[in-house]
Amino acid sequence: MDEDELDRVFKALGDPTRRRILDSLRRRPQQSLFEICALSALQEGAALSRQAVTQHLDMLQKAGLVRVEWSGRTKIHSFDPGPLRAAARQWLRKHL
């Protein structure tokens, strides 16, 4: 993992909404955008717009923390812990 990839992982994790999306995908993988939005509204009590969730998912995907598959015309999102493990090995363990 190079410095840019490490920066993207930590930047993605720096937002509480993105961490909640990852928690949701960890508990229940393979969610569509609609499902993520609906669960977010149920869990947080306030709905996020589709556009806001899409932007958060885009950042998580660029960091490698979310993988996308297509099911017909629907994007299916799942959590990928690989980049998080790599960031922990590369940087966090030096400081713990």
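In the block above lies the structure referred to throughout.
Residues numbered from 1 in each chain as written. Predicted model: local features only at pLDDT ≥ 70, side-chain atom pairs only at ≥ 80, totals over all residues. Heavy atoms only, no water.

The N-to-C vectors of helix α1 (residues 3-13) and helix α5 (residues 82-95) enclose an angle of 110°; their axes lie 10 Å apart at closest approach. With respect to α5, the axis of α1 lies roughly perpendicular. Crossing geometry of α1 relative to α5 is assigned as left-handed. Of the residues in α5, those touching α1 at Glu3, Leu6, Val9, Phe10 and Leu13 are Pro83, Leu84, Ala87, Gln90, Trp91 and Leu92. When its residues are assigned to classes, the contact of α1 with α5 shows 9 nonpolar, 1 polar and 1 charged. (Axes fitted to C-alpha atoms, helices over the stretch in contact; angles between N-to-C directions. Helix = DSSP H or I, 4+ residues; strand = E, 2+ residues; numbered from the N terminus. Parallel < 35°, antiparallel > 145°, perpendicular 65-115°, else oblique. Left-handed = near helix turned anticlockwise from the far one by under 90°. Contact = heavy atoms within 4.5 Å. Nonpolar A, V, L, I, M, F, W, Y, C, P; charged D, E, K, R; others polar.)

This part takes up the packing of aromatic side chains. Note on aromatic pairs: each is described by the distance of the centres and the angle between the planes. Counting across every chain of the model gives 1 aromatic pair. Judged by centre distance (5.7 Å) and plane angle (70°), the rings of Phe10 and Trp91 are edge-to-face. Taken together, the residues span a long stretch of sequence, with Phe10 in helix α1 and Trp91 in helix α5 at a distance of 81 residues. (Phe/Tyr/Trp six-rings, centres within 6.5 Å; stacked < 30°, edge-to-face > 60°.)

What follows is about α5. Along an α-helix, residues three or four apart share an orientation, since each turn contains 3.6 residues. Here α5 is 14 residues long and its end C-alpha atoms lie 20 Å apart, about the 20 Å a rise of 1.5 Å per residue gives. Its maximal kink placed at Arg89, α5 deviates by approximately 40°. Its buried side turned inward, α5 meets α1. (Expected span 1.5 Å × (residues − 1). Bend = angle between axes of the 7 residues up to and from the residue.)

With that settled, the discussion passes to the packing of helix α2 (residues 16-27) against helix α4 (residues 50-62). Running from N to C, α2 and α4 cross one another at 75°; their axes reach a closest spacing of 10 Å. Compared by their axis directions, α2 and α4 come out roughly perpendicular. Contacts between α2 and α4 pair Thr17, Arg18, Ile21 and Leu22 from the former with His56, Leu57, Met59 and Leu60 from the latter.

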